[in-house]
Amino acid sequence: MNRRAQLALLLLAGASGAVDALAFTALGSVFAGVMTGNLVLLGISAGRGDGSEVTGPLVALGGYVAGAACAALVCRGSRRRAAGQSWPGAVVACLAAQCVLLAAVAVAAGVLGGRPGEGWRIALLVAAAVAMGGQSAAMVAAGAGGAPTTYFTGTLTTLVTGAVDGTARGAGQLWTAARLAAVVGGAACAVAVHTAAPPWGFVPPAVLTACAVACQKPAQRLRRAVTRASEYSLHDAHDETL
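Anyway, here's the lowdown on the structure attached to this text. All of these numbers come straight from a predicted model, not from anything done at the bench. Sequence order as written defines residue numbering, which begins from 1 separately in each chain. In keeping with the predicted nature of the model, local features appear solely for residues at pLDDT of at least 70, side-chain atom pairs appear and are counted solely at 80 or more, and the whole-chain, interface and lining totals rest on all residues. Excluding hydrogens and water, the side-chain values take into account all heavy atoms of the structure.

## With respect to the overall build of the chain
Definition in use: Helix and strand assignments follow DSSP, with helices taken as H or I runs no shorter than four residues and strands as E runs no shorter than two, numbered in order from the N terminus. Three labels apply to residues, based on accessible area from a 1.4 Å probe with only protein chains included: buried if under 20% of the type maximum, exposed if over 50%, partly exposed otherwise in between. Should any heavy atoms of two residues lie within 4.5 Å, those residues are considered in contact. In this description, accessible areas are obtained by the Shrake-Rupley approach with a 1.4 Å probe, and a residue is regarded as covered only by the protein chains that are shown.
Along the backbone of the chain there are ten helices and zero strands. The linear arrangement of helices and strands in the chain, starting from the amino end, is α-α-α-α-α-α-α-α-α-α. For the chain, the residues scored as buried account for 42% of the 242 residues in total. Restricting to contacts in the chain with at least 6 residues of sequence separation, those with at least 24 account for 74%. Accessible surface, the chain as shown: approximately 12000 Å² in total, 67% of it carbon and sulfur.

See the structure below:
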């Protein structure tokens, strides 16, 4: 995996940590990307016999599933074409859409002063969960060039077991450890901004995701695609005249 992809994964991990931290602290003590946590919260509610606490986890789960399903449809077949260097165009497009969605969340939260009421909390939670589901599915579609950026239990396990048995060494392990640190850093940054300036609290996830998309040079790749399409069209037209 090249450095550009590794840096993009680092930024997406930070965005994931920021989104989940904001969802938990400002949108009802649930998670937008860590579905294991939401499943546990549903179990706790069931054990207590308290139906009033299931709305948040269920909404987040529904949004996540919807986002993952949409991204899977857009990226269908991309995993077979992923070469491990640049992410397929469909993957970058999904991440760009995620960036737009997170930017919309940031604007809405800013207009609401960073502390939305009950109805708006649900709406923003759904949007954030859709974004995280889309990010997760896009990374699956990225194939060898991707890695988990919204769930990290397996990443931590791989890092620890690889370090103990000596099967994983080198720069790859450092990048993996850096992604774990990025989750903490993204969460800390988002909460600090939200505490100091609530209207701006939801901006960090959108900025981090935008930087991750920029790492894949989408404009340059679009120009290349347009150039190739034009060349093919000219070639076909030339063939027709012969």
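## Some details on empty space enclosed by the protein
Inclusion rule: Definitions used for this entry: grid spacing 1 Å over protein atoms alone; cavity, a set of points where a 1.4 Å probe fits but cannot get out; pocket, an open set with protein on both sides within 12 Å along at least 5 of 7 lines; lining residue, one with an atom within 4 Å of a point. Grid points are joined across faces, edges and corners, and a volume is the space filled by probe spheres set on the points. For this classification, the nonpolar set comprises Ala, Val, Leu, Ile, Met, Phe, Trp, Tyr, Cys and Pro, the charged set comprises Asp, Glu, Lys and Arg, and every other residue, Gly included, is treated as polar.
Overall, the coordinates contain one cavity of 30 Å³ or more when judged by the stated rule. Considering only enclosed or pocket space, the largest cavity measures out at about 70 Å³ in volume. Elements represented by at least two residues in the lining of the largest cavity include exactly α1 (3-26) and α5 (89-111). By residue number, the principal contributor to the lining of the largest cavity is α1, which donates three residues. When its residues are assigned to classes, the lining of the largest cavity shows nine nonpolar, no polar and no charged.

## Let's talk about unusual backbone geometry
Although it is not a glycine, Ser29 sits at a positive phi angle of roughly 60°. By relative accessible area, which is 40% here, Ser29 ends up partly exposed.

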